[in-house]
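Coordinate inspection notes
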Amino acid sequence: MDKNTYDAIVVGTGVSGGWAAKELTEKGLKTLVLDRGPMVKHGDYPTAMKAPWELPYADQPTQEDIRRWPKHTRPSFYGITQSTKHWFVDDLDNPYEETKPFDWFRGYHVGGRSLMWGRQSYRLSDLDLEANGKEGVGVDWPIRYADLAPWYDYVEHFIGVSGSVEHLAQLPDGDFLPPMELNCVEKEFAGRLSDKFSRKLIIGRTANLSGPLKHDKSPQRATCQYRNLCMRGCPFGAYFSSNSSTLPSAERTGNMTIVPNSIVYEMIYDNAKGKATGVRVLDAETGKQTEYFAKVIFLCASTFGTTHILLNSTSSRFPNGFGNDSGELGHNVMDHLFGIGVSASVEGHEDRYYSGRRPNGFYIPRYRNVGSDKRSYLRGFGYQGSASRQNWSRLVDEPLLGDDLKRAAEEPGPWRLGMSGFGEMLPSHSNYVTLDHNHKDKYGLPVLNFNVAHGDNENRMKKDILDDAMEMMTAAGYRDVRSYITPANVGAAIHEMGTARMGRDPKTSVLNGWNQMHACNNVFITDGSFMASSACQNPSLTYMAMTARAAKYAVDELKRGNI
Amino acid sequence: MNRREWLKCVSALAMGAVAAPSLLAAFDAHAASQAPGFTPQFFTRPQVDLITAVVDIILPRSSTPGAVDAGVPSFIDQMFKAVYTPAEQERYQAALASFDRAGGKPFLQLDAAQRKALVTKLHGEAIAGKKGKNPAPAADFVLMTKKLAMMGFFLSQPGCTEVLQYAAVPGAYHADIPLSQAGNGKAWAVETVLTL
Ligand SMILES: Cc1cc2nc3c(=O)[nH]c(=O)nc-3n(C[C@H](O)[C@H](O)[C@H](O)COP(=O)(O)OP(=O)(O)OC[C@H]3O[C@@H](n4cnc5c(N)ncnc54)[C@H](O)[C@@H]3O)c2cc1C
Ligand code: SF4
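Within every chain, residues take consecutive numbers counted from 1 along the sequence as written. Written order decides the labels, with chains lettered from A and ligands numbered from 1. Local features in this predicted model are restricted to residues of pLDDT 70 or higher, and side-chain atom pairs are both shown and tallied only at a pLDDT of 80 or more, whereas totals for entire chains, interfaces and linings draw on every residue. Water and hydrogen atoms play no part in the side-chain values, which are based on all heavy atoms of the structure.

**Looking at the UniProt feature "domain: Glucose-methanol-choline oxidoreductase N-terminal" (unreviewed entry) in chain A**
Mapped onto this structure's residue numbering, the UniProt feature "domain: Glucose-methanol-choline oxidoreductase N-terminal" (unreviewed entry) falls at residues 223–337 of chain A. Numbering of helices and strands runs from the N terminus, with a helix taken as a DSSP run of H or I at least four residues long and a strand as a DSSP run of E at least two residues long. For residues 223–337 of chain A, the helix share is 17%, the strand share is 29%, and the end-to-end C-alpha distance is 32 Å. UniProt positions are given in the numbering used here, feature names are shortened, and annotations may be inferred rather than shown by experiment.

Structure, rendered in structure tokens:
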């Protein structure tokens, strides 16, 4: 038992787990870090430097890939390419059930989805954190922006977020590296939106190093080379991933023991102590079972990963899942509205171009239900998009062949601008996941079954996302304005959250305002499960800030003898 | 913008170490297959000869390399072997057969001028047709082969570096510059997916 005993256990090494590992080890805790997938060391990115011509099949998925990844090759996803497919789980080996269709896109390896994420990083504001309470939706967040702001500062400073200062109450500014630039068409569009609608269009805030970090704690991280191949992993360490950023720091403390291929399938609960004493692990390669013990446990296995472990941990104390006194565990699943967008042709600017591949786009922050604006639905949405000059594919339908075709392709095409909405989804008890005991995976574990759908509020908002985008592009004077609706199920935005929400009342929430389980005070959950509402901003930065905050609290409480 | 490019730019954008060897083997096989004199995996030799003749008309060698120099016939063979569905395979096969009959005698028995005239005429028919509807099979063959030739060529090394321009590691981003100062002023190579 001794050899398997640590001060802390962190389950998962993605965006949140990497942060938990760094913070706990830096505070001196001997920490065991477990991930169900294989090791990926920083730099271990096999396709990162491949040129287009070195990729088979024009980088498209083969029929064999589509057979192995029937869910990950749905139209709402683009990750199964020859250069990135190795980062996503094989759907045949990692099945799930869909009472209602759900897109669940994930990777099991050290680093989790911090390796493949889109790096868009936005703060929530009090508009977001007060909404549930004011509107009587779900439960009130037990925290406010003032609780979070210093922790946003802290994580932004460490990971490096590039962005512009905008003084928007609904999208607080941060501790930014220099903003990337908008191109000429994006600037023109920004001007027209400002004139005609008094709406802002800003450069995206992204966790790519547009300049050197403002600290010397990550010597392995260099500035961005503008290749826009981030999803393959970055050998320059120029975007935030656990592999490039938090895990190396945890490693340097000498306090981390990391064990890959460790599937945590159950919590160990001690009735007498009223505490979790450890976790049970299945080796992904050998099936060997091991128990590990610690004083404090951080669950960071991603929203559904953590939910799965908790639902699968039943005991006389917790017959309905670990920590589930409220009955809310697995409920209130949220994602962002996704896949609805518009594109248009932009005349002129033929003598302007860009160089380098910017791994970022523009952002139109939320303006609906802000200030005096009132809609027939609650909450709002933001847009993400970009403008670029069309490439050779525009010539397919042109009457050009031979030398003429080659010459035409040499020239950059006309400009086109596109953007799509990310909209807030409300929490609802009727959106939930369960364990499906009739369907087991290859390890004999029951799989998750999804029962999640958009409601009335979401459907009304979707209409506005489309109509507003059409209206803005038309008013800007652009031609050939075309709407675009990607067939997407809930989950397609890959911002799943909410299944172990935080709140003040243990009767209606799983966690308190410190990400600490109401029913078992030495268990903390800091992946997206804790979210009480979804806001419309990409959420991962908030998971990081809350993880760092919870880790500080947990260590203080340990020292005070309270856990 | 195609769907993937679009999703990539608007939304941003298992087994690493374990899968790496098999992944890299696929890349080596890909490199090997691009050598001249490849062995077709999907088409017959006569079909490859016909496809080669057609892609050479669509993107010929000029002051820069052409589609045949860039290994496009082998690329097309691989795409049908591995990427396209049985329905797409059948559509292309039937279109190819129809195309081979369209010139009065087998395509490879036509002289150079006749071949070019036929491809040009069928291409014109294909793009004059209704948007969103597949053209008649012989014209469909020319349009599909044009898409395949463009995809194979503009993602090949000569296509990316000699016709378009490509910077593996740009090192910096300049958002708004005169066209003449954007590298050599030609279009940047970008990854693109076309559906057949
Ligand atoms: C293509 C793409 C683009 C995205 N773009 C953005 C963006 O622009 N901005 C943004 O904010 N977010 C974005 N996201 C979402 C972002 O990746 C997630 O919000 C984030 O990674 C969640 O962090 P996490 O720590 O909860 O989970 P993950 O990063 O998924 O990590 C979970 C880890 O836990 C491990 N694990 C799971 N179950 C177990 C178990 N039972 N035992 C042991 N280990 C386990 C997994 O192997 C994994 O390593 C994007 C995601 C994708 C895929
Ligand atoms: S764009 Fe920047 S962060 Fe992304 S892979 Fe290239 S160098 Fe790395």
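**So, the interface of chain B and chain A**
Note on contacts: a residue pair qualifies if any of its non-hydrogen atoms lie within 4.5 Å across the two residues. In this complex, chain B contributes 83 residues to the contact, which on the side of chain A involves 93 residues. Buried area is calculated as the accessible area (1.4 Å probe) missing from two parts once they are joined, with the contributions of both summed. Of the roughly 7500 Å² buried between chain B and chain A on both sides combined, carbon and sulfur atoms contribute 64%. The closest approach of N and O atoms between D176 of chain B and K187 of chain A, which form a salt bridge, is 3.2 Å. Polar contact is the term for a pair of N or O atoms within 3.5 Å; when the atoms are in protein, one must be able to donate a hydrogen and the other to accept it, and sequence-neighboring residues count only if both atoms are side-chain atoms. Summed over the shared surface of chain B and chain A, the number is 24 residue pairs in polar contact (both at pLDDT 80 or more). Those elements giving two or more residues to the side of chain B that touches chain A turn out to be α1 (3–11), α2 (16–33), α3 (45–58), α4 (72–83), α6 (112–128), α7 (137–154), α8 (157–163) and β1 (174–178) of chain B. Residues are sorted three ways: Asp, Glu, Lys and Arg are charged, Ala, Val, Leu, Ile, Met, Phe, Trp, Tyr, Cys and Pro are nonpolar, and all the rest, Gly among them, are polar. For the side of chain B that touches chain A, the per-class residue count stands at 54 nonpolar, 18 polar and eleven charged. Pairing between strands is defined by DSSP: at least two bridges between the two strands are required. With three bridges joining them, strand β12 (residues 352–355) of chain A and β1 of chain B adopt antiparallel strand pairing. Any Lys or Arg side-chain nitrogen located within 4 Å of an Asp or Glu carboxyl oxygen qualifies as a salt bridge.

**Some points on the site of ligand 1**
All names here are of chain A. Throughout, near means a residue has at least one heavy atom within 4 Å of the molecule or strand. Near ligand 1 lie 35 residues; those nearest to it are S16, D35, R113, G118 and S540. With respect to ligand 1, the backbone of R36 contributes an N or O atom lying 3.0 Å from a nitrogen atom. In the environment of ligand 1, an oxygen atom lies 3.2 Å from a nitrogen or oxygen atom belonging to the backbone of R119. Each accessible area is a Shrake-Rupley result for a 1.4 Å probe, and residues are judged covered by the shown protein chains and nothing else. Considered on its own, ligand 1 offers 1000 Å² of accessible surface; in the complex 97% of this is hidden by protein. Mapped by element, the contributors of at least two residues to the shell around ligand 1 are α1 (15–26), β8 (262–270) and α10 (540–559).

**Notes on the site of ligand 2**
Residue and element names in this part refer to chain A. Not every one of the 13 residues close to ligand 2 is listed here, only the nearest: C224, Q225, N228, C230 and C234. Grouping the constituent residues of the shell around ligand 2 by class yields nine nonpolar, three polar and one charged. Here the shell around ligand 2 gathers at least three residues from each of two domains, domain 1 (5–119 + 230–334 + 429–453 + 493–560) and domain 2 (127–229 + 335–428 + 454–485). Each domain's extent is set by a domain assignment, obtained either automatically or from a database.

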